Amino acid sequence: MTSCQNCNYKWSTKEIWRIGVSKNGRVCAKCGKKQYLSRDTKNWLTVGWLIPLIIILILVPKRFVKLSNKDEPLI
Ligand SMILES: [Zn+2]
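Residues numbered from 1 in each chain as written. Predicted model: local features only at pLDDT ≥ 70, side-chain atom pairs only at ≥ 80, totals over all residues. Heavy atoms only, no water.

Student: Honestly, the overall build of the chain in this entry has me stumped. Any pointers?
Tutor: Of regular secondary structure, the chain possesses two helices and two strands. In sequence order, the chain lays out its α and β elements as α-β-β-α. What you see for the chain is a C-alpha radius of gyration of 22 Å, clearly larger than the 11 Å of a compact globule of 75 residues, by over 25%. Its C-alpha atoms give the chain principal-axis dimensions of about 70 × 25 × 20 Å. Put simply, the chain has 75 residues, and 11% of those count as buried. Once local pairs closer than 6 in sequence are excluded, the contacts in the chain between residues at least 24 apart make up 18%. Accessible surface, the chain: about 7,300 Å² in total, of which carbon and sulfur atoms supply 60%. (Helix = DSSP H or I, 4+ residues; strand = E, 2+ residues; numbered from the N terminus. Rg over C-alpha atoms; globule rule 2.2 N^0.38 Å. Buried < 20%, exposed > 50% of the residue type's maximum accessible area, 1.4 Å probe, protein only. Contact = heavy atoms within 4.5 Å. Areas by Shrake-Rupley, 256 points an atom, 1.4 Å probe, with all protein chains shown as cover.)

Below you can see the structure in the form of structure tokens.
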């Protein structure tokens, strides 16, 4: 569960999204203490962005890039 580390208040989904896109943390709605994403969460978010990027880099060239015998001009 995503809860405030100061007062244990359970954060709503909307509040979790807001801290997720915020770079400077977010103030707890109940106790007012600033909360930040944990290091584990940041690691997960980074990996979550990297995986689709790697898939695109591997799959897109073979699917869409075609070769030609000639150096064809644009248009
Ligand atoms: Zn709190």
